[in-house]
Amino acid sequence: MGCLVSTPKDLGGNRRRPANVGEISVFVPGLRIPKPVDFSPSLTDHVSKTLVERLSALRTRIVVMAGQEGPTITRTKRKTFTQHGGSTLAELQQALEDYLPFLLGLVKDGSPLQQKVQFVWVNQEDDAEETAMSNAWYEVLSVLHLMASLSLSQANLVLLPRTSADGYQPKISEESRRTSIDVLLKAAGYLDCAVKQVLPLLPTELRRGLPVDLTEGVLRALCLQALGQGVDIQLGLAIDSTKATLAVKRRLACEMVKYWQQAQDNLTNLPLSNGWGEKHRFFVKWKYIEAKAAAYYYHGLILDEGNTEKSHGMAVAALQAADEFLKESKNTSDAFNTAPPLSRNPPLWGTMKYLSEKIPKDTSSKVRINQDLYTHDKIMETAPTLPDFALALKPDDYQLPPVHISWNDENVNRGQ
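Computed from a predicted structure; not experimentally measured.

Basis of the calculations
Residues numbered from 1 in each chain as written. Predicted model: local features only at pLDDT ≥ 70, side-chain atom pairs only at ≥ 80, totals over all residues. Heavy atoms only, no water. Phe/Tyr/Trp six-rings, centres within 6.5 Å; stacked < 30°, edge-to-face > 60°. Lys NZ or Arg CZ within 6 Å of the ring centre and 35° of its normal. Salt bridge = Lys/Arg side-chain N within 4 Å of Asp/Glu carboxyl O. Helix = DSSP H or I, 4+ residues; strand = E, 2+ residues; numbered from the N terminus. Buried < 20%, exposed > 50% of the residue type's maximum accessible area, 1.4 Å probe, protein only. Expected span 1.5 Å × (residues − 1). Axes fitted to C-alpha atoms, helices over the stretch in contact; angles between N-to-C directions. Left-handed = near helix turned anticlockwise from the far one by under 90°. Contact = heavy atoms within 4.5 Å. Nonpolar A, V, L, I, M, F, W, Y, C, P; charged D, E, K, R; others polar. Parallel < 35°, antiparallel > 145°, perpendicular 65-115°, else oblique. Core = buried A, V, L, I, M, F, W, Y, C linked by side-chain atoms within 4.5 Å. Pairing = 2+ DSSP bridges.

What follows covers the packing of aromatic side chains. Tallied over the entire structure, the rule returns 11 aromatic pairs. The rings of F27, W260, W276, F283, W286 and F336 are connected pair by pair, giving a single aromatic cluster. Residue placement shows K279 over the ring face of F336; its charged tip is 4.2 Å from the ring centre. Looking at K287, its charged tip hangs above the ring of W286, at a distance of 4.1 Å from the centre.

Structural data, given as structure tokens:
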């Protein structure tokens, strides 16, 4: 079944965390860093020397790159970046994609080789400094988590406002916003694959020993976060569009609430009190509250289009709820940014730039008008229930790659 070793946080010095990660639009969990592994003692008697050397070279490349870049890769000011992210991100992502087809040979057709090598990764959200497991599915799971984290980091870079050529307020182009949705769906695809295709293949004992970074709850939450932020960007594009109706905007906002609520539910009861884990929990709470502010705002505007006293009262209650959630979101945002490692919000853009201006203004206006028309007692004290919509945005359909051709019958069980 493979063995499990977790090193307490006070016994190692491998976990390096930046004190400040700069501006954050998309939450990127601290990157789990792989530690060196020697494949030779475990595999030389079973596969060719050439294949062992290839596996070692591919993984060593990842260890070196992740070790150098991992502790700072979430920072927003990097050496060189392309328009759609950083070259370092792309190189490390490619290294992981190159490694996977060779790694999957260890688990091909239930091969006993899957338990021959002990893989060690440094955790970020777990109390344990690192976790070692003698099971290749643990390595596959860790690789997918890192690939997703890199995609989230790329999306964050794309969504940081850049100073415009005309010198006015920094903004994000429509092209960048659409690119970020594709990247977020790719990240969600890696995480969805991890939950549905890889986790079930780990023995129950090892699943119980996984660090919190790789638990089903955290993986599902990260997947839902990526989808929730994708819908947030779609809402921002709808706000900018003259063709998008209030009904379309309300639907997107209500879907966003469901994604973030489900993300929060998946983190419930998980021990996320350590470093990145606490910051992760605050981020989900913040975005959930922001989403509710948007949803109640658009719901209130639609209710206000009704011609009855009841609909106007419900509209006021919804707008007042939106205003309260907007205020609460600012407090939660502060808690997120002050949780270590420190961070800060980029200049407001998109959905929240628009709503931070419109919600207080429209709420004040509607409350004043309706209170002139109706007595205070006739205005509902409780916000109306939000409409329930099916979730439309889905993760990319990512499938594990086929095993590399090097893993053929003549290589297995024959050392050279």
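Evaluated as defined, the whole model comprises 16 salt bridges. The closest approach of N and O atoms between R59 and E139, which form a salt bridge, is 2.6 Å. Here R59 is found in helix α2 (residues 49-69), whereas its partner E139 is found in helix α4 (residues 136-158), with 80 residues between them in sequence. Under the relative-accessibility criterion, E139 is labelled buried at 1%. Note that E324 and K327 form a salt bridge whose closest N and O atoms lie 3.7 Å from each other.

A separate point is helix α9 (residues 276-303). Its 28 residues give α9 an end-to-end C-alpha distance of 40 Å, which sits within 8% of 40 Å, the value for a rise of 1.5 Å per residue. By the criterion of burial, α9 is predominantly enclosed, with 24 of the 28 residues buried.

This part takes up the packing of helix α7 (residues 216-240) against α9. Look at α7 against α9: their axes get within 11 Å of each other, and the N-to-C directions meet at 35°. Crossing of α7 over α9 shows left-handed handedness. Of α9, the residues touching α7 (which contributes V218, L222, Q225, Q229, L235 and I239) are H280, F283, V284, K287, A294 and Y298. Broken down by class, the residue content of the contact of α7 with α9 amounts to 8 nonpolar, 3 polar and 1 charged.

The end-to-end C-alpha separation of α2 is 30 Å, in line with the 30 Å expected for 21 residues at 1.5 Å each. Residues of α2 that are buried include every one of L51, V52, L55, S56, L58, R59, I62, V63, M65, A66, G67 and E69, and no others.

The N-to-C vectors of α4 and helix α5 (residues 174-198) enclose an angle of 165°; their axes lie 9 Å apart at closest approach. When the axis of α4 is compared with that of α5, the two are roughly antiparallel. Crossing of α4 against α5: the hand is left-handed. Along the contact surface, α4 presents W137, V140, L141, L144, M147, A148, S151, L152, Q154, A155 and V158, while α5 presents S176, S180, V183, L184, K186, A187, Y190, L191, C193, A194 and V198.

For A155, the location among the structural elements is in helix α4. Its relative accessible area of 0% is what places A155 among the buried residues. Linking A155 and R177, residues 22 residues apart in sequence, is a C-alpha distance of 9.1 Å. Contact partners of A155, with chain neighbours within four places excluded, come to V26, S180, V183 and L184.

With that settled, consider the nonpolar core. If you look at the biggest cluster of nonpolar residues, it comprises 130 residues, and the most contacted ones within it are F39, F119 and L144. Broken down by element, the residue count for this core peaks at 15 residues, all from α9. Those residues in contact with F39 that lie beyond four places of it in its chain are T44, V52, L55, S56, R59, Y99, L106, V117 and F119.

Among all residues except glycine, the phi angle is most often negative; among peptide bonds, the trans geometry is most common. Following P340, the chain continues to P341 via a peptide bond in cis, the omega torsion being -5°. Of note, D109 is a non-glycine position whose phi angle comes to about 50°, a positive value. Tracing the backbone shows D109 in the loop between α3 (87-103) and β6 (119-122). Despite not being glycine, N269 has its phi angle at roughly 70°, a positive value. Residue placement: N269 occurs in the loop between α8 (246-267) and α9.

Moving on, we get to the pairing of strand β7 (residues 128-133). The buried count for β7 comes to 6 of 6 residues, which makes it a mostly enclosed element. In the sheet, β6 pairs with β7 via 4 bridges, with the strands oriented antiparallel. Its bridge partner being in β7, V122 is matched across the sheet by E130. From the end of β6 to the start of β7, which pair antiparallel, there are 5 residues.

Mapped onto the elements, K287 comes out in helix α9. Residue K287 is classed as buried on the basis of its relative accessible area of 11%. Apart from the residues lying within four places of it in its own chain, the contact partners of K287 are Q229 and W260.

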